[in-house]
Amino acid sequence: MVHLVRNPLDAVASWWNFEYAPLKPSGEQDHEAKLVTPTDPFEEGDRERLVEFANRWKNHALYWTQAPLRTLEVRYEDLREEPLAVVSRRVEWEQGSQH
């Protein structure tokens, strides 16, 4: 199994943008627009939601790192920066399981 992980701070920021990005007239999310939370400016309820999401991310990551499966962990950031190196590592990992 390939476990793709992302920097938790980036994951939280991405989730936040996904959660609060306004919609374009076409119905798609406008990721370039200013984000406005329901309680703008940022308030205690927003902090609680961020902590809740961070804890969900942590529990998810712990579950998969402890799963009794042969796992290759791939960082999303590495995949974005050096896709060929990551894919090469994946191929080597897969070939190692066939011996």
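Conventions adopted
Residues numbered from 1 in each chain as written. Predicted model: local features only at pLDDT ≥ 70, side-chain atom pairs only at ≥ 80, totals over all residues. Heavy atoms only, no water. Buried < 20%, exposed > 50% of the residue type's maximum accessible area, 1.4 Å probe, protein only. Helix = DSSP H or I, 4+ residues; strand = E, 2+ residues; numbered from the N terminus. Pairing = 2+ DSSP bridges. Core = buried A, V, L, I, M, F, W, Y, C linked by side-chain atoms within 4.5 Å. Contact = heavy atoms within 4.5 Å. pLDDT = per-residue confidence, 0-100. Phe/Tyr/Trp six-rings, centres within 6.5 Å; stacked < 30°, edge-to-face > 60°. Salt bridge = Lys/Arg side-chain N within 4 Å of Asp/Glu carboxyl O. Axes fitted to C-alpha atoms, helices over the stretch in contact; angles between N-to-C directions. Parallel < 35°, antiparallel > 145°, perpendicular 65-115°, else oblique. Left-handed = near helix turned anticlockwise from the far one by under 90°. Nonpolar A, V, L, I, M, F, W, Y, C, P; charged D, E, K, R; others polar.

The next point concerns the pairing of strand β2 (residues 72-75). Of the two faces of β2, only the one carrying L72 and V74 is buried; E73 and R75 on the other face are not. Pairing analysis gives four bridges linking strand β1 (residues 2-5) to β2, with the strands arranged parallel. Bridge pairing in β2 links V5 to R75.

In terms of nonpolar packing, the biggest core is built from five residues, these being V12, W15, W16, Y20 and F53. Broken down by element, this core gets its largest block of residues, four residues, from helix α1 (residues 8-20). Those residues in contact with V12 that lie beyond four places of it in its chain are L50, F53 and A54.

In the predicted model, the chain carries a mean pLDDT of 84, and 89% of its residues have values of at least 70. Between the elements of the chain, mean pLDDT differs from a low of 80, seen in α1, to a high of 94, seen in helix α3 (residues 76-81).

A word on the packing of aromatic side chains. A full pass over the atoms with the stated rule returns two aromatic pairs. With a centroid separation of 4.7 Å and an interplanar angle of 10°, the aromatic rings of W15 and F53 are classed as stacked. Placement of the pair is W15 in helix α1 and F53 in helix α2 (residues 44-66), with a sequence separation of 38 residues. Owing to a relative accessible area of 12%, W15 belongs among the buried residues under this scheme. By relative accessible area, F53 is classed as buried at 15%.

The subject of this paragraph is the pattern of salt bridges. Scanning the model with the defined rule gives three salt bridges in all. Notably, a salt bridge pairs R75 with D78, separated by 2.7 Å at the nearest N-O pair. Residue classification places R75 among the partly exposed positions, given a relative accessible area of 39%. Judged by its relative accessible area of 27%, D78 falls in the partly exposed class. Of the charged contacts, one joins E94 and R90 as a salt bridge, the two residues approaching to 3.2 Å between their closest N and O atoms.

A word on the packing of α1 against α2. Across the interface, α1 lies against α2 with an axial gap of 10 Å and an inter-helix angle of 125°. By the angle between their directions, the pair α1 and α2 is classed as oblique. The interaxial crossing formed by α1 with α2 has right-handed handedness. Contacts between α1 and α2 involve P8, A11, V12, W15, W16, E19 and Y20 from the first element and D46, R49, L50, F53, A54 and W57 from the second. Grouping the amino acids of the contact of α1 with α2 by side-chain chemistry returns ten nonpolar, no polar and three charged.

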